[in-house]
Amino acid sequence: MATIAAPDIAERPITPVDVSANALYTENRWHDPFAELRRTMPLSYRPDSPFGGYWSAVTYDLVQQIEIDHATFSSAWDRGNITIADGVGEVEFPNFIAQDPPIHTAQRKVIAPAFSPSQMGAREKQVVERCRMLLDALPQGETFDWVEQVSIPMTIGMLLILFDMPYDEWRDIKRWSDWASGVSADNLTDEYRAEFMVQMGAMLARFDRELEDRRAKEPTDDLLSRMIHSEAMGNMSPMERIANIALLIVGGNDTTRNSMSGMVEALDRFPDQLDVLHGDRSLVPNAAQEIIRWQSPVTHMRRTATCDTELAGQRIREGEKIVMWYISANRDENVFEDADRFDVTRKNARRHLGFGAGIHRCVGARLAEIQIGTLITEIVERNWRIVPQAEPTRLASPFLHGFTQMPVRIETRG
Ligand code: HEM
């Protein structure tokens with residue numbers, strides 16, 4: 001992290017509220033601080049936080065501008081990290097989301113074909129099958145946890161299909177995913193770092209067995225086979241293997257999971273929207289996009305300045321971190337009319353930045369849309385209303401915006 005001279009800081013608009021604080025998210029109080037920032041300081045600087053000093057970009061246009069200029073605003077792990085936290089205890093974490101070109105370009109090319117339209121056609125059938133099986137097994141007339149019984153098994157099940165691994169390993173995948181994505185001020189301790197490495201080591205041991213198995217076989221469509229049979233990812237160091245596997249399990253897991261739980265909250269707050277979907281089922285794909293905009297399951301991504309530069313009239317120094325708050329950009333009133341409203345007919349729902357933009361835009365976006373769309377369709381077809389029975393428990397993280405528990409009951413729509 002760059003050391004910033006005092007005169008520099010004196011000239012900067014200072015972020016009045018530390019928007020990296022967990023409490024804003026666990027208590028669902030993030031709306032007002034970001035709305036205020038969008039109105040008064042689209043780019044501001046917070047000199048002190050548990051994660052050190054950081055810039056906050058909060059408007060749609062500014063986030064997009066940073067995303068597109070990857071030469072100035074780097075994702076490279078060795079310049080910092082892709083989250084507000086500077087990696088876990090200086091441990092290198094070289095996955096391809098945390099690389100710039102040319103490494104990023106070469107490794108993304110290995111993974112992207114697994115999400116091509118033809119691959120997605122085949123996956124869609126598996127998603128529908130899994131979704132029906134899960135929903136058929138839900139208790140009727142009883143309270144249950146939507147996160148545990150729907151959002152988690154649905155998304156991890158898909159991930160295990162992509163890896164071509166047995167479903168009964170889902171608990172291990174969930175645990176490793178939670179460790180790999182644990183960005184929180186509470187995690188900046190030596191104990192956390194030590195346990196993090198233990199968990200990542202166990203994950204590597206498990207996946208190395210699978211990778212070696214695939215190496216010995218003819219190439220297939222699954223993600224592990226694609227990796228091991230490629231030039232760009234076939235001979236990675238142990239840390240590169242850990243980091244890339246963690247990327248795939250976090251990328252494909254918490255994000256879609258929290259969209260599926262966010263859907264319940266959105267339809268509960270705006271019950272008329274379920275009626276709209278019943279009236280016109282062709283709106284389902286748009287509704288999936290609107291859920292991602294409204295929920296913004298990835299709260300932010302971070303970049304690091306590769307040189308001294310100017311942005312939105314501010315001087316940014318080489319090495320400083322800039323946090324792009326998607327959660328705020330997706331509520332930008334200049335782009336999304338009545339932005340806090342959940343509206344499945346919203347004309348520009350697809351313009352959301354929940355998947356990012358530019359060269360790192362989410363590679364799994366289409367798969368996420370299919371999974372969320374399938375879940376909505378199945379709920380509509382069953383004529384269900386998913387009714388929360390208590391306030392959900394929200395994730396303590398400024399990085400992933402989601403839920404740990406959501407008690408609900410199924411009711412039939414009247
Ligand atoms: C609603 C669900 C999802 C959301 C909101 C989401 C969000 C994101 C975001 C914000 C980025 C970074 C974009 C940037 O830096 O500009 C990203 C990248 C990525 N996502 Fe997703 N994601 C979702 C689902 C998935 C799924 C299902 C997978 C795979 C199974 C996946 C795998 C990845 C990967 C591998 C990257 C790195 C791409 C790169 O660096 O080129 N994501 N995602």
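So, here's what we can say about the structure. (Residues numbered from 1 in each chain as written. Predicted model: local features only at pLDDT ≥ 70, side-chain atom pairs only at ≥ 80, totals over all residues. Heavy atoms only, no water.)

### Description of the overall build of the chain
- A count of helical and extended segments in the chain gives 16 helices and 12 strands.
- Over its C-alpha trace the chain gives a radius of gyration of 21 Å, about what one expects of a compact globule, namely 22 Å for 414 residues.
- The buried share among the 414 residues of the chain stands at 58%.
- The contacts of the chain with a sequence gap of at least 6 include a subset with a gap of at least 24, amounting to 73%.
- Taken as a whole, the chain presents about 16700 Å² of accessible surface, with 51% of it coming from carbon and sulfur.
- Charge centroids of the chain, computed over 45 positive and 61 negative side chains, lie 3 Å from each other. (Helix = DSSP H or I, 4+ residues; strand = E, 2+ residues; numbered from the N terminus. Rg over C-alpha atoms; globule rule 2.2 N^0.38 Å. Buried < 20%, exposed > 50% of the residue type's maximum accessible area, 1.4 Å probe, protein only. Contact = heavy atoms within 4.5 Å. Areas by Shrake-Rupley, 256 points an atom, 1.4 Å probe, with all protein chains shown as cover. Lys, Arg positive; Asp, Glu negative; His and termini not counted. Charge placed at Lys NZ, Arg CZ, Asp CG, Glu CD.)

### Focus: the nonpolar core
- Judged by nonpolar contacts, the single largest core of 111 residues is most densely connected at Trp-146, Phe-163, Met-203, Phe-207, Met-263, Leu-375 and Ile-376.
- Setting aside residues no more than four positions away along its own chain, Leu-375 makes contact with Cys-131, Leu-135, Trp-146, Val-150, Met-260 and Met-263. (Core = buried A, V, L, I, M, F, W, Y, C linked by side-chain atoms within 4.5 Å.)

### Brief notes about the site of the ligand
- For the ligand, the set of nearby residues contains 30 residues, the closest of which are Glu-67, His-104, Arg-108, His-360 and Cys-362.
- One nitrogen or oxygen atom from the side chain of Arg-108 is found 2.7 Å from an oxygen atom belonging to the ligand.
- Backbone polar atom of Gly-251 to a nitrogen atom of the ligand: 3.0 Å apart, as the coordinates give it.
- Elements with a contribution of two residues or more to the shell around the ligand: α5 (103–111), α11 (238–251), α12 (254–269) and β5 (300–305).
- Broken down by class, the residue content of the shell around the ligand amounts to 17 nonpolar, 10 polar and 3 charged. (Near = heavy atom within 4 Å. Polar contact = N/O pair within 3.5 Å; in protein donor to acceptor, adjacent residues only side chain to side chain. Nonpolar A, V, L, I, M, F, W, Y, C, P; charged D, E, K, R; others polar.)

### Comments concerning the sheet that holds strand β9 (residues 384–388)
- Pairing in this open sheet of 3 strands is antiparallel, and the strands run β4-β12-β9 from one edge to the other. The sheet is open, and its two borders are formed by β4 (144–145) and β9, each paired with just one other strand.
- The sheet contact formed by β4 and strand β12 (residues 407–412) spans 2 bridges and is antiparallel. Bridged to Asp-145 within β12 is Pro-407. (Pairing = 2+ DSSP bridges.)

### So, α5
- Those residues of α5 not exposed but buried are His-104, Gln-107, Val-110 and Ile-111. Down the axis of α5, the smallest arc covering the buried residues is 125 degrees, so these residues share one side.
- Along its buried surface, α5 packs onto α10 (223–228) and α11. (Arc of directions from axis to C-beta.)

### Structural notes on the pattern of salt bridges
- Overall, the coordinates contain 38 salt bridges when judged by the stated rule.
- Between Arg-302 and Asp-86 there is a salt bridge, with the nearest N and O atoms lying 3.0 Å from each other. Of the two residues, Arg-302 sits in strand β5 while Asp-86 sits in the loop between β3 (73–74) and α5, which places them 216 residues apart along the sequence.
- Residue Arg-302 is classed as buried on the basis of its relative accessible area, which comes to 1%.
- For Asp-86, a relative accessible area of 34% corresponds to the partly exposed category. (Salt bridge = Lys/Arg side-chain N within 4 Å of Asp/Glu carboxyl O.)

### Brief notes about the sheet that holds strand β1 (residues 43–46)
- Spatial ordering of the open sheet is given by β1-β2-β8-β5-β3, a layout of 5 strands whose pairing is mixed. Because the sheet does not close on itself, it has two edges, and the strands there are β1 and β3.
- Here helix α4 (residues 60–68) sits on the sheet in contact with β1, β2 (54–57), β3, β5 and β8 (321–325), set at roughly 125 degrees to β8. (Axes fitted to C-alpha atoms, helices over the stretch in contact; angles between N-to-C directions.)

### Remarks on the side chain of Glu-369
- Here Glu-369 is to be found in helix α16 (residues 365–381).
- Exposure remark for Glu-369: the relative accessible area of 12% places this residue in the buried category.

### Section: the state of the cysteines
- Scanning the entire structure with this criterion turns up 0 disulfides.
- Cys-362 provides the cysteine sulfur closest to Cys-131, a residue in no disulfide bond, and the two sulfurs are 19 Å apart. (Disulfide = S-S within 2.5 Å.)

### Notes on the side chain of Ser-397
- Positionally, Ser-397 belongs in the loop between β10 (393–394) and β11 (403–405).
- Separated by 2.8 Å, the side chain of Ser-397 and the backbone nitrogen of Phe-399 make a polar contact.

### Re the packing of aromatic side chains
- Tallied over the full model, the rule gives 11 aromatic pairs.
- Geometrically, the ring pair formed by Phe-144 and Trp-146 is tilted, given 6.4 Å between the ring centres and 35 degrees between the ring planes.
- What links up through ring pairs into an aromatic cluster is the set Phe-163, Trp-176 and Phe-207.
- Lying across the ring of Tyr-167, Arg-130 places its NZ or CZ 4.2 Å from the centre.
- Positioned above the aromatic ring of Trp-384, the side-chain terminus of Arg-382 is 5.2 Å from the ring centre. (Phe/Tyr/Trp six-rings, centres within 6.5 Å; stacked < 30°, edge-to-face > 60°. Lys NZ or Arg CZ within 6 Å of the ring centre and 35° of its normal.)

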